[in-house]
Amino acid sequence: MNSCIYPGSFDPVTNGHLDIIERAASIFDNVVVAVLNNPNKKAFFSVEERIELLRKTTVDFPNIEIDCFSGLLIDFVKRKDINVIIKGLRAVSDFEYEFQMALMNKKLSPKVETMFMMTSSKYSYISSSIIKEVATLNGCINGLVPKVVEEALFNKIK
Ligand code: PNS
C-alpha cells in the first residue's frame, strides 16, 4: 500500500490543512495525519481535542487515519513503516525551516522522502496561529476553518 504521513500541530486544523489532506488522499492509498503531542509547547486545544476536530472534518475521506506522536517525527514514520512525509508550503517564508527539517529527516533516515505540496492560493495566507489570534479578538474566520472548528474556537474563547 502506498502511504504517506502528514504531520503537524493542527492547533486547530484549518481549511489550508484540509486542502493538503484532500489532495494527498487523492494520490496515496492511505494518509496518516499525525498530530504532534509536545508537552513543552502550550497548545490552545489538547491533543484529544485536535484529534477529534480532525476526525470530524475528515469523516468523508475513507483513506485517512488520524494518529498522534511525541518525540522525533522520523521515529514515528519508521514505526509506521512509511517512507513519505507530506508537507504543505504556503510561501517563501515556510521554505527555509521546511528545507532544514527535510534535510535533517533525510539525514536521520535516508530512505524517507519529504514531498511538498503548494497550499492552494486561497489559503496561502492562513495559519492556525493567525486564525487563533483573529478569533480571540472576535474577528471573522468564516470560510478559513470548518464550521465545527470555528464553533470549538469560539466556545473555548468564551
Ligand atoms: O504544524 P507545525 O507545528 O508546523 O508542524 C511541525 C512538525 C510537527 C511537523 C515538526 O515540528 C516536527 O516534526 N516535530 C517533531 C520533532 C522532530 O522530529 N523534530 C526534528 C525535525 S527535523
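Structure: see above.
Residues numbered from 1 in each chain as written. Predicted model: local features only at pLDDT ≥ 70, side-chain atom pairs only at ≥ 80, totals over all residues. Heavy atoms only, no water.

## Structural notes on the state of the cysteines
Thinking step 1. Throughout the structure, instances matching the rule amount to zero disulfides.
Thinking step 2. Here C4 is not disulfide-linked; the sulfur of C68 is the nearest cysteine sulfur, at 18 Å.
Thinking step 3. On the basis of relative accessibility, which here comes to 0%, the residue C4 falls in the buried class.
Thinking step 4. Judged by its relative accessible area of 32%, C68 is partly exposed. (Disulfide = S-S within 2.5 Å. Buried < 20%, exposed > 50% of the residue type's maximum accessible area, 1.4 Å probe, protein only.)

## Notes on the pattern of salt bridges
Thinking step 1. The tally for this structure, following the rule as stated, stands at nine salt bridges.
Thinking step 2. The shortest N-O distance in the salt bridge between D11 and K132 comes to 3.1 Å. Pair noted here: D11 is in the loop between β1 (3-8) and α1 (15-27) and K132 is in helix α5 (residues 128-136), with a separation of 121 residues, a long-range link. In terms of burial, D11 and K132 fall into one category: buried.
Thinking step 3. The salt bridge involving D94 is made with R90; its shortest N-O contact spans 3.0 Å.
Thinking step 4. Judged by its relative accessible area of 32%, R90 falls in the partly exposed class.
Thinking step 5. Taken together, the shared-partner salt bridges connect E65, D67 and K80 into one network. (Salt bridge = Lys/Arg side-chain N within 4 Å of Asp/Glu carboxyl O. Helix = DSSP H or I, 4+ residues; strand = E, 2+ residues; numbered from the N terminus.)

## A look at helix α6 (residues 147-157)
Thinking step 1. Of all the residues in α6, the buried ones are V149, E150 and L153. Along the axis of α6, the buried residues cluster in a sector spanning 105 degrees; they form a single face. α6 presents K147 and N155 as exposed residues on the side facing more than 90 degrees away from its buried surface.
Thinking step 2. Where α6 is buried, its residues contact α2 (47-57) and α5. (Arc of directions from axis to C-beta. Contact = heavy atoms within 4.5 Å.)

## Examining the site of the ligand
Thinking step 1. With respect to spatial proximity, the complete set of residues near the ligand consists of P7, G8, S9, L36, F69, G71, L72, L73, K87, M101, M104 and N105.
Thinking step 2. S9 places a side-chain nitrogen or oxygen 2.6 Å from an oxygen atom of the ligand.
Thinking step 3. One nitrogen or oxygen atom from the main chain of L73 is found 2.8 Å from an oxygen atom belonging to the ligand.
Thinking step 4. Look at the ligand: alone it shows 550 Å² of surface, and the protein chains cover 72% of it. (Near = heavy atom within 4 Å. Polar contact = N/O pair within 3.5 Å; in protein donor to acceptor, adjacent residues only side chain to side chain. Areas by Shrake-Rupley, 256 points an atom, 1.4 Å probe, with all protein chains shown as cover.)

## Brief notes about the pairing of strand β4 (residues 84-89)
Thinking step 1. Along β4, five of the six residues are buried, which leaves the element largely enclosed by surrounding structure.
Thinking step 2. Sheet topology note: the β4/strand β5 (residues 113-118) ladder contains six bridges and is parallel. In the sheet register, I86 faces β5, and the bridge partner there is M115.
Thinking step 3. This β-α-β element, β4 to helix α4 (residues 92-108) to β5, shows right-handed connectivity. (Pairing = 2+ DSSP bridges. Right-handed = clockwise from strand over helix to strand, strands pointing away.)

## Focus: the side chain of S109
Thinking step 1. Locating S109 in the fold gives a position in the loop between α4 and β5.
Thinking step 2. Accessibility expressed as a relative area gives 5% for S109, which makes it buried.
Thinking step 3. Ignoring anything within four residues of it in the chain, the contact list for S109 reads I74 and K78.

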